[in-house]
Structures are given as structure tokens and as C-alpha cells.
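One-letter residues, chain by chain:
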Amino acid sequence: KKLEIYVKQNGHCSIPNNDPVLGHFAKYTRSEYKLYQTDPGASSLTSERIEQLNGLGFVFDPRKHEWDTKMKKLELYVKQNGHCNIPVDHPELGSIVKRIRSEYKRYQTDPEASSLTTERIEQLNEL
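Calculation notes
- Residues numbered from 1 in each chain as written.
- Predicted model: local features only at pLDDT ≥ 70, side-chain atom pairs only at ≥ 80, totals over all residues.
- Heavy atoms only, no water.
- Helix = DSSP H or I, 4+ residues; strand = E, 2+ residues; numbered from the N terminus.
- Rg over C-alpha atoms; globule rule 2.2 N^0.38 Å.
- Buried < 20%, exposed > 50% of the residue type's maximum accessible area, 1.4 Å probe, protein only.
- Areas by Shrake-Rupley, 256 points an atom, 1.4 Å probe, with all protein chains shown as cover.
- Expected span 1.5 Å × (residues − 1).
- Contact = heavy atoms within 4.5 Å.
- Polar contact = N/O pair within 3.5 Å; in protein donor to acceptor, adjacent residues only side chain to side chain.
- Salt bridge = Lys/Arg side-chain N within 4 Å of Asp/Glu carboxyl O.
- Lys, Arg positive; Asp, Glu negative; His and termini not counted.
- Axes fitted to C-alpha atoms, helices over the stretch in contact; angles between N-to-C directions.
- Parallel < 35°, antiparallel > 145°, perpendicular 65-115°, else oblique.
- Left-handed = near helix turned anticlockwise from the far one by under 90°.
- Nonpolar A, V, L, I, M, F, W, Y, C, P; charged D, E, K, R; others polar.

Chemist: Tell me about the overall build of the protein, and name the residues and values.
Modeler: Within the protein, the regular secondary structure consists of 6 helices and 0 strands. The order of α-helices and β-strands along the protein, N terminus first, is α-α-α-α-α-α. The globule rule puts the C-alpha radius of gyration for 127 residues at 14 Å, and the 18 Å found for the protein is more than 25% above it. In terms of its C-alpha atoms, the protein occupies a principal-axis envelope of roughly 45 × 35 × 25 Å. Looking at the protein residue by residue over its 127 residues, the buried ones come to 28%. Working note: accessible area of the protein is about 9000 Å², and carbon and sulfur atoms make up 49% of it.

Here it is in C-alpha cells:
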């Protein structure tokens, strides 16, 4: 019930782990979801509960969600402007592209030290 209220009040179900009301629940649920993916019998989550949470838009992987959100913004920019040469002083995307460019340089020298993956680089190249 608290989760439904959160969604109504915030318009999303991307609960930060440090949320004072639902943070512990979110962290525990994400942990159980990871366990479910590798060994469903070892997790307290059921497929039915996962479906319920998905129905509310619960974000099981905040990092992936954040990346997907950034990619949608970049895709929209490319669609509207015909290119992906976004200046670092762009009000909405500047900090995003600055971080991605920095991570790409890091990836080129030490892929393990970068938050970029081959899959993410391919996504960016497809823009």
C-alpha cells in the first residue's frame, strides 16, 4: 500500500535506497530480485510479486534505469538536431555527455575501471 501511495505522490516507482519510508524495502527487494534471477527458489520473491511490482513500475536496477533514461534523452536530441555532437554546456545534456566522454577515455585505457560497457558503447555508436 505504501508503494502505491509513493507512486501516486511521486509519479514514478524509482525509489532510492535511502528513502526514509521505503528505502529498506527497495534495497531488500532489489537484492531478492538479483537472487531470483540466479536462483528463483532461494529468493523470497515470486514471479507473481515481480509482476505486481513491474505493474507499478518498480525499478529493480536503478543504474540500468538511469542509463536508459539518459539514452532516451540523447536519442531525442539526435532526432531533433540530426547529430550527437552535444556541447558540454548544454543545459540538460551537458553533464551527461561530459561524464560519458570521460568514461569512454577511461574505457580506452582500462575497460575494467570504466562504468561503460561494450554494450553501452554500441548503444552510443548507434546514435
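Chemist: For helix 5 (residues 94-109), give the residues involved together with the corresponding values.
Modeler: For the α-helix, the turn length of 3.6 residues means that residues three or four positions removed from each other point alike. The terminal C-alpha atoms of helix 5, which comprises 16 residues, lie 23 Å apart, in line with the 22 Å expected from a rise of 1.5 Å per residue. Within helix 5, the full set of buried residues consists of Gly94, Ile96, Val97, Ile100, Glu103 and Tyr107. Looking at the packing, one finds that the buried side of helix 5 touches helix 4 (62-81) and helix 6 (118-126).

Chemist: Any chance you could break down the side chain of Thr29 for me, citing the residues and the numbers?
Modeler: Secondary-structure assignment places Thr29 in helix 2 (residues 23-38). A distance of 2.7 Å separates a polar atom in the side chain of Thr29 from the backbone oxygen of Phe25. When sequence neighbours within four positions are dropped, the list of residues in contact with Thr29 reads Leu45, Leu53, Phe58 and Phe60.

Chemist: Describe in detail the pattern of salt bridges, supporting the description with residues and values.
Modeler: Any two side chains of opposite charge can pair, on the condition that their charged atoms come close. Per the counting criterion, the structure on display carries 5 salt bridges. Residues Lys64 and Asp68 are paired through a salt bridge, measuring 2.7 Å at the closest nitrogen-oxygen approach. Taken together, the positions of Lys64 and Asp68, both in helix 4 and 4 residues apart, correspond to about one turn of that helix. When its relative accessible area of 46% is taken as the criterion, Lys64 is described as partly exposed.

Chemist: Provide a residue-level description of the side chain of Arg120, including the pertinent values.
Modeler: When you line up the elements, Arg120 lands in helix 6. For the buried Arg120, no salt bridge is present, and the opposite-charge side chain at shortest range is Glu119, 5.9 Å distant. Sequence-distant contacts of Arg120, that is, excluding residues within four places in its chain, are made with Arg63, Lys64, Trp67 and Ser115.

Chemist: So, the packing of helix 4 against helix 6: which residues are in play, and what are the values?
Modeler: Helices that pack against each other are described as a pair by the angle of their axes relative to one another and the distance between those axes. Relative to each other, helix 4 and helix 6 sit at 15°, their axes nearing to 11 Å. Looking at the two axes, helix 4 sits roughly parallel to helix 6. Where helix 4 crosses over helix 6, the two elements pack in a sense that is right-handed. Judged by residue contacts, Arg63, Lys64, Trp67, Met71 and Leu74 of helix 4 engage Arg120, Gln123 and Leu124 from helix 6. Considered class by class, the residues forming the contact of helix 4 with helix 6 number 4 nonpolar, 1 polar and 3 charged.

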